[in-house]
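Coordinates in review
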There are 4 protein chains.
Amino acid sequence: MPKLGMEPIRRDALIKAAIIELGQVGSLDVTVARIAKRAGMSSALAYHYFGSKEHMFLAAMRHVLSVYGAEVRGALAVGETPQARIRALVRVSFTGSNFRRDVVAAWLNFYVMAQRNDQAERLLRLYQARLRSNLRHALRPLVGGRAASLADGAAAMIDGVYLHEALGTGEPDGARAARAVETWLDAAISGKAP
Amino acid sequence: MPKLGMEPIRRDALIKAAIIELGQVGSLDVTVARIAKRAGMSSALAYHYFGSKEHMFLAAMRHVLSVYGAEVRGALAVGETPQARIRALVRVSFTGSNFRRDVVAAWLNFYVMAQRNDQAERLLRLYQARLRSNLRHALRPLVGGRAASLADGAAAMIDGVYLHEALGTGEPDGARAARAVETWLDAAISGKAP
Amino acid sequence: MPKLGMEPIRRDALIKAAIIELGQVGSLDVTVARIAKRAGMSSALAYHYFGSKEHMFLAAMRHVLSVYGAEVRGALAVGETPQARIRALVRVSFTGSNFRRDVVAAWLNFYVMAQRNDQAERLLRLYQARLRSNLRHALRPLVGGRAASLADGAAAMIDGVYLHEALGTGEPDGARAARAVETWLDAAISGKAP
Amino acid sequence: MPKLGMEPIRRDALIKAAIIELGQVGSLDVTVARIAKRAGMSSALAYHYFGSKEHMFLAAMRHVLSVYGAEVRGALAVGETPQARIRALVRVSFTGSNFRRDVVAAWLNFYVMAQRNDQAERLLRLYQARLRSNLRHALRPLVGGRAASLADGAAAMIDGVYLHEALGTGEPDGARAARAVETWLDAAISGKAP
DNA sequence: AATGAATGAGGATTCATTCAT
DNA sequence: GATGAATGAATCCTCATTCAT
């Protein structure tokens, strides 16, 4: 029997390396060879496991999204009041593994990829739909019929702030970012606008 | 006899072609040959005028930014009340040449480019600084000390909505986008949050 | 306990798979992995048994040739008159396992292989020499001194018809092919030409 | 104005180099780089002119076929009697540029290519159809209704002899090859077989 | 001013082959 | 006996870029 069970380990290493390279190089032009090297293997092996560069990036994207999704679920489970749940939803985007420099940069590239790759587009839409849906549910008890429109706005706001961070030098400041979104949300919630 | 004054015409054609290609292909991988072809000339001539692909993209970026800047100035000049000026600032981002499908996509790629190219980064920062500054000035009469923070928020919101449009299928809807931002701004202005 | 006698079974499966793939893909570019997969094993095992891709192809070639040779011997044993023996020699080439679509295509590739591989060339020459020799022996009672030249012609004719079938669409028609050769042989035998 | 009119020269050089390499290496695995080098240019230029390796091979094939076609037309124009025309048709296949060692080997590879490439298959069929048609026309005055079947036989015979030469060592002997075919044809023409 | 010609360098992808278990 | 793991070495193809004319 050969050495077994390498596949998940290798895939994982490649996905992580891809995200780091994506963040470092800042574009989808990252070489498969570079990613493989960072992951400690030959590029041929990377192909063996992913079949193509594109598939590798999609896997990386799925990984980022699933981590995000898991943290969202975790945060929602903890929040007891609607306010707490909203706060949690916002904070998750700007915390921990979702707000690391390289992950933020990777996101930006996923957006670019989504313009050409259907799979990527679908993933991105899915993420956005979930985010909006979660926000809507949390907002409804507070603002009733305005929930939908506020949720859309909050989602845009989150992504906008996120985008700004993709450009900043130095490590992004999640606390500040979250506060910016929350400030707006508070104002909007208590505001009269539809 | 050599044709006189061809230079600005050629440069312009290339810049416009670059933006269109950028929007169409959706990534910086557009080839110089394709751009030149669309602009009706050989790629060698493109190099003659711009020296490198990067310079060409930077010129395209500057073009987009300067069009935007001009429209902002025009809009500010017309607006008489602070409210009108804010409204104008927001609308400009989602109108006409600033909100065409390809321009939006080009913009996204400028963000990517800014992660590696200092010039591009500077241009983008400059744009953001100006946008914030303009918003601040317009907001001060209405919210006083909260102007700075509201301006930052509005800027993020604008870019966030813009980003969402970059992904949407079909032509982006500028009126809806502008309304989304304005709704938020109104709420924030009348809100109690800092 | 290790299974006993797996070797011949595995080798056989690989050889058969190689021929099928050769016929299907239509060139020597077939990958070892594909052949092994079709044969129901890992490519590593294919290497275990054959040492190299080339050896595997040579084995396949030998297999095809030996099947052919066996059928020739069988046919000759049955034929009682010279005419019957000639007829048998011709028919064998266009019957059964020697005239299956994939075998015909494989044959064509053996010709290509023979241009670079000495072993392959030797095998091919051997086959041709035997075919000619058999034809000569069968022809001698009928045409005496013209046997050698007629045998050469018949051999060329057989291969030419065979080649044409390798290109045809649909399953090759052995009966028609055999008849074409026989018609010529009959004419030549009764002809005045040397 | 740049250096002009290189295209036909380069294409020609590449086609010729491709045929030589094909004959030398003996398989379609010839590297584009090798061909380009032999033709005295970079492989990038080869791609510039042909777009792909496949297209280059197809062009080579077309070249070989068109040379052959031209020689056939020339030979037919000269032949005055049916016998002379038949003789000419046979001899052309075994003379000059159609019977050079490398060209013969190239042919063999065209057959292989035809198994996977539709264009190649079409070209090969076209060649065969024309050869048969020419033979039929020349044979009709001599054998009437048997012309079609004799033409098919002759075509197979020609290709068969040709195939045998692809394997021979040393320069092929065209005269002998032609004689072999002619002997058969004479016998068949004067024979009683249909 | 303008362009066809030309290439070096690089990157994705494939595959025969080896090896540890 | 059997195979997943692993890679070096190609090879195709692309493209930014340069240059002679």
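Residues numbered from 1 in each chain as written. Chains lettered and ligands numbered in written order. Predicted model: local features only at pLDDT ≥ 70, side-chain atom pairs only at ≥ 80, totals over all residues. Heavy atoms only, no water.

As a further point, take the overall build of chain A. A tally of helices and strands in chain A yields 9 helices and 0 strands. Reading the secondary structure of chain A in the N-to-C direction produces α-α-α-α-α-α-α-α-α. Each principal axis of the C-alpha distribution contributes one length, and for chain A these read about 65 × 40 × 30 Å. Across the 194 residues of chain A, 52% fall into the buried class. The contacts in chain A between residues at least 6 apart in sequence include a share of 67% that link residues at least 24 apart. Computing the positive centroid from 26 side-chain charges and the negative centroid from 17, chain A places the two 2 Å apart. (Helix = DSSP H or I, 4+ residues; strand = E, 2+ residues; numbered from the N terminus. Buried < 20%, exposed > 50% of the residue type's maximum accessible area, 1.4 Å probe, protein only. Contact = heavy atoms within 4.5 Å. Lys, Arg positive; Asp, Glu negative; His and termini not counted. Charge placed at Lys NZ, Arg CZ, Asp CG, Glu CD.)

Moving on, we get to the relation of the copies chain D and chain C. The transform that puts chain D on chain C rotates by 180 degrees and translates by 0.0 Å along the axis, for an RMSD of 0.1 Å. Considering both components of the superposition, the chain copies are consistent with a two-fold axis. It is G160 of chain D whose C-alpha, among those of chain D, lies nearest the rotation axis, at 1.7 Å. Most of the interface of chain D is mirrored in chain C, where 100% of its interface residues are also at the interface. (Least-squares fit on C-alpha atoms with pLDDT ≥ 70 in both.)

This part is about the interface of chain D and chain C. Interfaces are often sized by the accessible area lost when the parts come together. Chain D puts 40 residues into the contact, and the matching count from chain C is 41 residues. The contact between chain D and chain C buries some 3600 Å² in all, and 66% of this surface belongs to carbon and sulfur atoms. Among the residues chain D hides against chain C, the three largest losses belong to H164, L167 and W184 of chain D. Together they make up 22% of the total. Where chain D touches chain C, the interface holds 2 salt bridges. A salt bridge links R116 of chain D to D29 of chain C, with the nearest nitrogen and oxygen atoms 3.7 Å apart. The interface formed by chain D and chain C holds 7 residue pairs in polar contact (both at pLDDT 80 or more) in total. Residue contributions to the side of chain D that touches chain C peak at 13 residues, all from helix 8 (residues 147-167) of chain D. A per-class count over the side of chain D that touches chain C returns 22 nonpolar, 11 polar and 7 charged. (Buried area = accessible area lost by both parts, 1.4 Å probe. Salt bridge = Lys/Arg side-chain N within 4 Å of Asp/Glu carboxyl O. Polar contact = N/O pair within 3.5 Å; in protein donor to acceptor, adjacent residues only side chain to side chain. Nonpolar A, V, L, I, M, F, W, Y, C, P; charged D, E, K, R; others polar.)

Once that is clear, we can look at the arrangement of the chains. What separates chain A from chain C at the closest point of their C-alpha atoms is a distance of 11 Å, and the two make no contact. Contact between chain B and chain D is absent, and the least distance between their C-alpha atoms amounts to 12 Å.

In an α-helix, one turn spans 3.6 residues; hence positions three or four apart end up facing the same way. Residues and elements named next belong to chain D. Compared with an ideal rise of 1.5 Å per residue, which puts 12 residues at 16 Å, helix 5 (residues 82-93) spans 17 Å between its outermost C-alpha atoms and is within 8% of the ideal. Residues of helix 5 that are buried include every one of I86, A88, L89, V90, V92 and S93, and no others. Elements in contact with the buried residues of helix 5: helix 4 (53-78), helix 7 (118-143), helix 8 and helix 9 (174-190). (Expected span 1.5 Å × (residues − 1).)

This part is about the pattern of salt bridges. Tallied over the entire structure, the rule returns 48 salt bridges over all chains. A salt bridge links R34 of chain A to E21 of chain A; the shortest N-O distance between them is 3.0 Å. One end of the pair, R34 of chain A, is in helix 2 (residues 32-38); the other, E21 of chain A, is in helix 1 (residues 6-25), and 13 residues separate them in sequence. Since its relative accessible area comes to 41%, R34 of chain A is described here as partly exposed. On the basis of relative accessible area, E21 of chain A is assigned to the buried category, the value being 3%. With a closest N to O distance of 3.8 Å, R176 of chain D and E165 of chain D form a salt bridge.

On to the relation of the copies chain B and chain A, then. With an RMSD of 0.1 Å, the fit of chain B onto chain A corresponds to turning through 180 degrees and sliding 0.0 Å along the axis. A share of 100% of the interface residues of chain B reappears at the interface of chain A, consistent with the copies meeting face to face through the same patch.

What follows concerns the interface of chain B and chain A. Across the contact, 42 residues belong to chain B and 42 residues belong to chain A. On the chain B side of the interface with chain A, the three residues burying the most area are H164, L167 and W184 of chain B, jointly 22% of the side's total. Here chain B and chain A share 2 salt bridges between them. The interface formed by chain B and chain A includes 7 residue pairs in polar contact (both at pLDDT 80 or more).

According to the stated counting rule, one finds 32 aromatic pairs over all chains in the structure shown. Aromatic side chains F94 of chain A and Y162 of chain A sit 6.2 Å apart centroid to centroid with 45 degrees between the ring planes, which places their arrangement in the tilted category. Taken together, the residues span a long stretch of sequence, with F94 of chain A in the loop between helix 5 (82-93) and helix 6 (101-114) and Y162 of chain A in helix 8 (residues 147-167) at a distance of 68 residues. In this structure, F94 of chain A and Y162 of chain A share a single accessibility class: buried. Ring plane angle 80 degrees and centroid distance 6.3 Å describe the contact between W107 of chain D and Y162 of chain D, whose orientation is recorded as edge-to-face. Of this pair, W107 of chain D sits in helix 6 (residues 101-114) while Y162 of chain D sits in helix 8, placing them 55 residues apart in sequence. When sorted by exposure, W107 of chain D lands in the same class as Y162 of chain D, which is buried. Here R11 of chain B stacks its cationic end above the ring of F50 of chain B, 4.5 Å away from the centre of that ring. (Phe/Tyr/Trp six-rings, centres within 6.5 Å; stacked < 30°, edge-to-face > 60°. Lys NZ or Arg CZ within 6 Å of the ring centre and 35° of its normal.)

So, about the environment of A178 of chain D. Residue and element names in this part refer to chain D. Summarising the element assignment, A178 is placed in helix 9. For the pair A178 and V161, spaced 17 residues apart in sequence, the C-alpha to C-alpha distance is 8.6 Å. Discounting residues that sit within four places of it in the chain, A178 has contacts with V90, R91 and F94.

Residue and element names in this part refer to chain C. At their nearest, the axes of helix 4 (residues 53-78) and helix 6 (residues 101-114) sit 11 Å apart, and the two run at 125 degrees to each other. By the angle class used here, helix 4 and helix 6 are oblique. The handedness of the crossing between helix 4 and helix 6 is left-handed. Contacts between helix 4 and helix 6 involve F57, A60, M61, V64 and L65 from the former and V103, W107, F110 and M113 from the latter. Class assignment for the residues of the contact of helix 4 with helix 6 results in 9 nonpolar, no polar and no charged. (Axes fitted to C-alpha atoms, helices over the stretch in contact; angles between N-to-C directions. Parallel < 35°, antiparallel > 145°, perpendicular 65-115°, else oblique. Left-handed = near helix turned anticlockwise from the far one by under 90°.)

Another point: the side chain of E165 of chain C. Residue and element names in this part refer to chain C. Mapped onto the secondary structure, E165 falls in helix 8 (residues 147-167). Judged by its relative accessible area of 9%, E165 falls in the buried class. Leaving out residues up to four positions away in the same chain, E165 has contacts with F99, R101, V104, P172, D173, R176 and A177.

That is the geometry; function is a separate question.
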